[in-house]
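Breakdown of the fold
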Amino acid sequence: MAKAKSKALGYLEWWVVFLLPLAPLGWLTYNAWIFNLGADPAQEIVLETGVWAINLLWITLAITPLRRVFKLNWPLRYRRMMGLYSLFYAAVHLLAFATFILGWRWDLLLKELSERPYIIVGALGLLLLIPLGVTSTRGMQRRLGRNWLKLHKLVYPISLLVMVHIIWQIRSDFGEQLVYGLILGFLLGSRMYFYLQRKTRVMRAARAA
Amino acid sequence: KIRESVRNTALSTDDKLTPYFHVMSYNNFYEFGTGKKDPARHAQNFQTDPWKVEISGEVGKPGVYNLEDLIKPHLLEERIYRLRCVEAWSMVVPWMGLSLGDLLKKFDPTSKAKYVEFTTLHDPDQMPGQRSRFSTLEWPYVEGLRIDEAMHPLTMLAVGVYGNAMPPQNGAPLRLVVPWKYGFKSIKSIVKIRLTDKMPNTTWNLMAPQEYGFYSNVNPAVDHPRWSQASERRLPSSLFNPNRVDTLPFNGYADEVAELYRGMDLKKWF
């Protein structure tokens, strides 16, 4: 009885976590439908989907430190889902840019890519995210073995590309970039800390032996 | 509603107007926040009455004047101008106001008046953007024109839009409109006009001189270092039509203003 109850709760939790990241997309779709996105709906959609691609990537990166620092284990179950959602929003972000802003004009696309370097950096980040999404299944994880972990360390350079992508767009106010940068600094810094700690432990053990 | 105005058709474009709703809800006015919707949200209680303007420097009649007294002697005109933002979007707006030159002449500029410097109100209590700790812009916002640019008949001081008094988010109660330059040159909520013999500082130029020049004439051949200026999106755009149009030299006003820059290398004096 108790088991069945906790199973039901587990399902509920899964559905809530699964549906929550879709809310921004739902909000955008609804407001686009009722023409409530202002004078430049294209820009609004591109901006919001980009923001959520980053938010979800940062959430993905937060799950390991949450476990190590705060002993919070349950989010680990959703790390893959959050990563895939980040890829999903990044893909919508790029598709919206190409469709709504460029109107698929290839001449403009080439010009934009060559003249707006931050677009290249962002596109590179998305490109590198794709193999991570493709190899996110359990089968792929098994097949790649140790290499899977190595491959998925790509998420660190990707997060740095994302930072460059948004810093390069600063007009005059860097408040948002500062917040994202500080959070990322903590997320990557904690990994560095644990890595160094493990290394000294191994070295000490080697010396003792 | 403000005073009657007369449409100046000779100076107006036939381009399709950007609806009033978008003109007053999609704004760059960093004193009220950097988001496009921030000014409409944060400027509604902005106090614009009474409003004084200081006119100083190389003029025969310097002083601090009430806005009504400055405007009263002039016939207000409605002019439909293209507005091209440096961010590569544009609108078409029916402004109401008067030629800046007509107003300046009343104060007897001296022969040493080579430039005009404008200053926006500095009031962090009313303008949350001026309180931001992360802004790299210095306040108050300052802008400037060469005297011949200021005296050009296209250069306008606007007090209204779409037949209504200027909404605060659009730069109430008094703003500049220079249609052949990028939008940020058209300084909002002006409190000081100073005529001078030296080229004045301008806010965006102070922050990033390699990106924003003193002249900032609309020019499809000179790109912003981080993006192209060759084309623009005419707002409102819709999702199925980006409404992209080629950008014209001097925003389409080359016939009227190109002679002001004859012999100048526009790539150098961008």
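Residues numbered from 1 in each chain as written. Chains lettered and ligands numbered in written order. Predicted model: local features only at pLDDT ≥ 70, side-chain atom pairs only at ≥ 80, totals over all residues. Heavy atoms only, no water.

1. A closer look at the overall build of chain A
Per the secondary structure count, chain A includes ten helices and zero strands. Going from the N terminus to the C terminus, chain A shows its helices and strands as α-α-α-α-α-α-α-α-α-α. Taken along its principal axes, the extent of the C-alpha atoms in chain A is 65 × 50 × 35 Å. With 209 residues in all, chain A has 36% of them scored as buried. Taking as baseline every contact in chain A between residues at least 6 positions apart, the subset at least 24 positions apart corresponds to 67%. With the model as given, the accessible surface of chain A reaches about 13,000 Å², and the carbon-plus-sulfur share is 71%. Both charge centroids of chain A, one from 25 positive and one from 9 negative side chains, sit 28 Å from each other. (Helix = DSSP H or I, 4+ residues; strand = E, 2+ residues; numbered from the N terminus. Buried < 20%, exposed > 50% of the residue type's maximum accessible area, 1.4 Å probe, protein only. Contact = heavy atoms within 4.5 Å. Areas by Shrake-Rupley, 256 points an atom, 1.4 Å probe, with all protein chains shown as cover. Lys, Arg positive; Asp, Glu negative; His and termini not counted. Charge placed at Lys NZ, Arg CZ, Asp CG, Glu CD.)

2. A few points about the side chain of histidine 74 of chain B
On the secondary structure map, histidine 74 of chain B appears in the loop between α3 (67-71) and β4 (77-84). Contact partners of histidine 74 of chain B, with chain neighbours within four places excluded, come to Arg3, Leu98, Asp102, Leu103 and Lys106 of chain B.

3. Examining the UniProt feature "transmembrane region" (unreviewed entry) in chain A
All names here are of chain A. The positions that UniProt labels "transmembrane region" (unreviewed entry) are, in the present scheme, residues 12-30, 50-70, 82-104, 116-134, 154-171 and 177-196. Taken as a whole, residues 12-30 contains 84% helix and 0% strand, while its terminal C-alpha atoms sit 25 Å from one another. Between the first and last C-alpha atoms of residues 177-196 the distance is 28 Å; the span itself is 100% helix and 0% strand. (UniProt positions renumbered as here; feature names shortened; annotations may be inferred.)

4. Structural notes on empty space enclosed by the protein
Residues and elements named next belong to chain B. Overall, the coordinates contain three cavities of 30 Å³ or more when judged by the stated rule. Estimated volume of the largest cavity: approximately 470 Å³. In this structure, the largest cavity is lined by 30 residues; those nearest its centre are Asn28, Phe29, Gly183, Phe184 and Lys188. Element by element, the count of residues in the lining of the largest cavity is highest for strand β5 (residues 89-99), at four residues. Split into classes, the residues belonging to the lining of the largest cavity amount to 18 nonpolar, seven polar and five charged. (1 Å grid on protein atoms, 1.4 Å probe; cavity = no way out; pocket = protein on both sides within 12 Å on 5 of 7 lines; lining within 4 Å. Points joined across faces, edges and corners; volume = space filled by probe spheres on them. Nonpolar A, V, L, I, M, F, W, Y, C, P; charged D, E, K, R; others polar.)

5. Let's talk about the UniProt feature "domain: Ferric oxidoreductase" (unreviewed entry) in chain A
When the UniProt feature table is mapped to this numbering, "domain: Ferric oxidoreductase" (unreviewed entry) covers residues 49-162 of chain A. Secondary structure across residues 49-162 of chain A divides into 83% helix and 0% strand, with the first and last C-alpha atoms of the span separated by 14 Å.

6. A short note on the interface of chain A and chain B
Listed per partner, the contact involves 31 residues of chain A and 30 residues of chain B. Both faces combined, the contact of chain A with chain B buries some 2,600 Å², and carbon together with sulfur accounts for 53% of it. Considering only the side of chain A, the residues that lose the most area to chain B are Ala39, Arg171 and Ser172 of chain A, jointly responsible for 28% of the buried surface there. In this structure, aspartate 40 of chain A and arginine 233 of chain B form a salt bridge, with 2.7 Å as the shortest nitrogen-oxygen distance. For the interface between chain A and chain B, the tally reads 14 residue pairs in polar contact (both at pLDDT 80 or more). Listing elements by their share of the side of chain A that touches chain B, those giving two or more residues are α3 (41-70), α4 (79-101), α5 (106-115), α6 (117-134) and α10 (175-208) of chain A. With five residues, the single largest contributor to the side of chain A that touches chain B is α3 of chain A. (Buried area = accessible area lost by both parts, 1.4 Å probe. Salt bridge = Lys/Arg side-chain N within 4 Å of Asp/Glu carboxyl O. Polar contact = N/O pair within 3.5 Å; in protein donor to acceptor, adjacent residues only side chain to side chain.)

7. What about the environment of valine 159 of chain B?
Position of valine 159 of chain B among the secondary structure elements: in strand β8 (residues 156-161). Residues valine 159 of chain B and lysine 37 of chain B, 122 residues apart in the sequence, show an inter-C-alpha distance of 21 Å.

8. A few points about the pairing of β5 of chain B
Note on strand geometry: in a regular strand, side chains alternate between the two faces of the sheet. Residue and element names in this part refer to chain B. Taken across its eleven residues, β5 has eleven buried, putting it largely inside the fold. For β4 and β5, the ladder comprises eight bridges, and the chain directions are antiparallel. From the neighbouring strand, isoleucine 80 faces β5, where its bridge partner is proline 94. Hairpin geometry of β4 and β5 is characterised by an intervening segment of four residues between the two adjacent antiparallel strands and by a positive phi of about 75° at alanine 88. In terms of strand pairing, β5 meets strand β12 (residues 231-234) through two bridges, oriented parallel. When the bridges of β12 are listed, tryptophan 89 appears paired with arginine 233. (Pairing = 2+ DSSP bridges.)

9. A closer look at a nonpolar patch on the surface
Residue and element names in this part refer to chain A. The grouping of Val69, Phe70, Leu72, Trp74 and Phe186 at the surface amounts to a nonpolar patch, some 490 Å² of accessible area in total. With respect to the secondary-structure elements, leucine 72 resides in the loop between α3 and α4. Its relative accessible area of 33% is what places leucine 72 among the partly exposed residues. (Patch = residues over 30% accessible without salt bridge, like charges linked within 9 Å, V, L, I, M, F, W, Y side chains within 5 Å.)

10. Focus: the pattern of salt bridges
All names here are of chain B. For the structure on display, the rule yields 22 salt bridges over all chains. Arginine 82 is the partner of aspartate 15 in a salt bridge, and the nearest nitrogen-oxygen pair spans 3.5 Å. With aspartate 15 in the loop between β1 (6-7) and α1 (20-23) and arginine 82 in strand β4, the pair connects residues that are 67 residues apart, well separated along the chain. By relative accessible area, arginine 82 is classed as buried at 13%. Among the ionic contacts, a cluster of salt bridges with common partners joins Asp15, Arg82, Arg84, Glu232 and Arg234.

11. A word on the pairing of strand β3 (residues 63-66) of chain B
All names here are of chain B. With four bridges connecting them, strand β2 (residues 52-57) and β3 associate as antiparallel partners. What sits directly across from glutamate 54, in β3, is valine 64. Between β2 and β3, which pair antiparallel and follow one another directly, the connecting turn spans five residues.

12. Focus: the nonpolar core
In this structure, Trp95, Phe118, Leu176, Trp180 and Ile193 of chain B are the most contacted members of the largest nonpolar core, which totals 75 residues. Excluding its chain neighbours within four sequence positions, the residues that come into contact with tryptophan 180 of chain B are Glu149, His152, Leu154, Thr155, Asn217, Val218, Phe250, Asn251, Tyr253, Val257, Leu260 and Tyr261 of chain B. Val17, Ile63, Val155 and Leu187 of chain A belong to the second largest nonpolar core, which has 27 residues in total. (Core = buried A, V, L, I, M, F, W, Y, C linked by side-chain atoms within 4.5 Å.)

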